[in-house]
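Coordinate inspection notes
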Amino acid sequence: MNAHTSVASPALAPELPDAALAFRAAMRKLAGAVSVLTVGVGDGRTGLTATSVTSLSVEPPTLLITINRSGSSIGPVLQERAFAINVLRPHHQTIADQFAGKGGLKGAERYQGGDWTRLETGAPVLADALAAFDCVLEDAIERHSHVIVIGRVVASRITESAQPLLYWAGGYRSLAD
């Protein structure tokens, strides 16, 4: 049997092949800034927590984020065609957990405890985020279990002299850790 062969398991979820487990373990060693993607208005708001946000281009300003195809946020992103990326600070850990679905919160419930505002597109922006990027959807590319979402940044803002919330090895960290 090679490292890419999947073995059936009596558990409800199939076991990951050895290569997938090794990949997952290695990716946990890649520290990343914690962000929340926000989309929608009113009761239709939703979003997710991500560390998979990266700059794509400065001219024009674009970024990309990967979103699980089976997640609840990809439909609204594709429908609304506008979203915001909010880079979190250490005191936003509760917001990160809420947008990750911890505590069973869904949709607009995830926005509890945050001070939300808007920039140009109308997507919710966390008022005291380390950085916020207001985006219009430029492209969505399906690959495997995820959709690569490319956003054209139409507005951005930062909070000076603030630190990021980081995620590394399965837990939240700060630069002081």
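Note that the structure is a prediction, hence the values are computed from the model and not measured.

Rules behind the numbers
- Along each chain, numbering runs from 1 in the same order as the chain's sequence is written.
- Local features are withheld for residues below a pLDDT of 70 in this predicted model, meaning they are given only at 70 or higher, and side-chain atom pairs are given and counted only at 80 or more; totals for whole chains, interfaces and linings count all residues.
- Working from all heavy atoms in the structure, the side-chain values ignore hydrogens and water.
- Here a helix means four or more residues in a row that DSSP labels H or I, a strand means two or more in a row labelled E, and each is numbered from the N terminus.
- Atoms counted for the radius of gyration: C-alpha only. Globule rule: 2.2 Å times the number of residues to the power 0.38.
- Burial classes follow relative accessibility: with a 1.4 Å probe on protein chains only, a residue under 20% of its type's maximum area counts as buried, one over 50% as exposed, and anything between as partly exposed.
- By definition, residues are in contact when any of their heavy atoms lie within 4.5 Å.
- Think of it this way: Lys and Arg go in the positive column, Asp and Glu in the negative one, and His and the chain ends go nowhere.
- Note that the charge is assigned to NZ on lysines, CZ on arginines, CG on aspartates and CD on glutamates.
- The pairing test for Phe, Tyr and Trp rings, Trp by its six-membered ring, is centres within 6.5 Å, and the orientation test on the planes gives stacked under 30 degrees, edge-to-face over 60, and tilted for anything in between.
- Note on geometry: a ring has a charge over it if NZ (lysine) or CZ (arginine) is within 6 Å of the ring centre and within 35 degrees of the ring normal.
- Two strands are said to pair when DSSP picks up at least two bridges between them.
- Between N-to-C directions, angles cover 0 to 180 degrees, with each direction set by a line fitted to C-alpha atoms, over the stretch in contact for helices.
- We call two N or O atoms a polar contact when they sit within 3.5 Å, provided that within protein one can donate a hydrogen and the other can accept it, with sequence-adjacent residues counted only if both atoms are side-chain atoms.

What about the overall build of the protein chain?
A count of helices and strands for the protein chain gives 3 helices and 12 strands. Relative to a compact globule of 177 residues, whose C-alpha radius of gyration would be 16 Å, the protein chain shows 17 Å and is just as compact. Expressed as lengths along the three principal axes of its C-alpha atoms, the size of the protein chain is roughly 55 × 40 × 35 Å. Scored against the burial criterion, the 177 residues of the protein chain give a buried share of 36%. Here the analysis covers contacts within the protein chain between residues at least 6 apart in sequence; of these, 63% occur between residues at least 24 apart. If you average the places of the 15 positive and of the 16 negative side-chain charges in the protein chain, the two averages end up 5 Å apart.

Brief notes about the environment of Asp97
Secondary-structure assignment places Asp97 in helix 3 (residues 93-99). Residues Asp97 and Gly114, spaced 17 residues apart in sequence, show a C-alpha to C-alpha distance of 12 Å. Asp97 has contacts with Lys102 and Tyr172, leaving out every residue within four places of it along the chain.

Remarks on the packing of aromatic side chains
Overall, the coordinates contain 4 aromatic pairs when judged by the stated rule. On the basis of an interplanar angle of 50° and a centroid distance of 5.9 Å, the ring pair of Phe99 and Trp116 is categorised as tilted. Residue Phe99 is located in helix 3, and its partner Trp116 is located in strand 7 (residues 116-118); the two are separated by 17 residues in the primary sequence. Both rings, one in Tyr111 and one in Trp116, keep their centres 4.8 Å apart while their planes meet at 65°; by these two values the pair is edge-to-face. Through a chain of ring-to-ring contacts, three or more aromatic side chains come together here, namely Phe99, Tyr111 and Trp116. Arg45 extends its terminal NZ or CZ atom over the ring of Tyr111, reaching a point 4.5 Å from the ring centre.

Comments concerning the pairing of strand 3 (residues 46-50)
Burial analysis of strand 3 places 4 of its 5 residues in the buried class, the great majority of the element. Pairing of strand 2 (residues 35-39) with strand 3 involves 5 bridges; the strand directions are antiparallel. Directly across from Ser35, in strand 3, lies its bridge partner Ala50. Here strand 2 folds back onto strand 3, and the loop between the two strands holds 6 residues, one of which, Gly40, carries a positive phi near 95°.

Looking at the sheet that holds strand 1 (residues 32-33)
If you trace the 3 strands from one edge of the open sheet to the other, you get 1-11-12, paired in antiparallel fashion. The sheet is open, and its two borders are formed by strand 1 and strand 12 (171-173), each paired with just one other strand.

Observations concerning the sheet that holds strand 2
Taken in spatial order, the 7 strands of this open sheet run 3-2-6-9-10-5-4, and their pairing is antiparallel. If you trace the sheet from one side to the other, it starts and ends with strand 3 and strand 4 (53-57), each paired once. Pairs of neighbouring strands in the sheet enclose a mean axial angle of 35°, with direction left out of account. Here strand 5 (residues 62-68) runs beside strand 10 (residues 146-158); their pairing, made up of 7 bridges, is antiparallel. Looking at strand 10, one finds that Leu63 is bridged to Gly151.

A few points about the side chain of Thr38
Mapping Thr38 onto the fold places it in strand 2. Classification of Thr38 by relative accessible area gives buried; the value is 0%. Reaching out from Thr38, the side chain makes a polar contact with the backbone oxygen of Pro124 at a distance of 2.4 Å. If we ignore the near neighbours within four places in the chain, the residues touching Thr38 are Thr46, Gly47, Phe83, Ala84, Asn86, Phe99, Tyr111, Trp116, Ala123 and Pro124.

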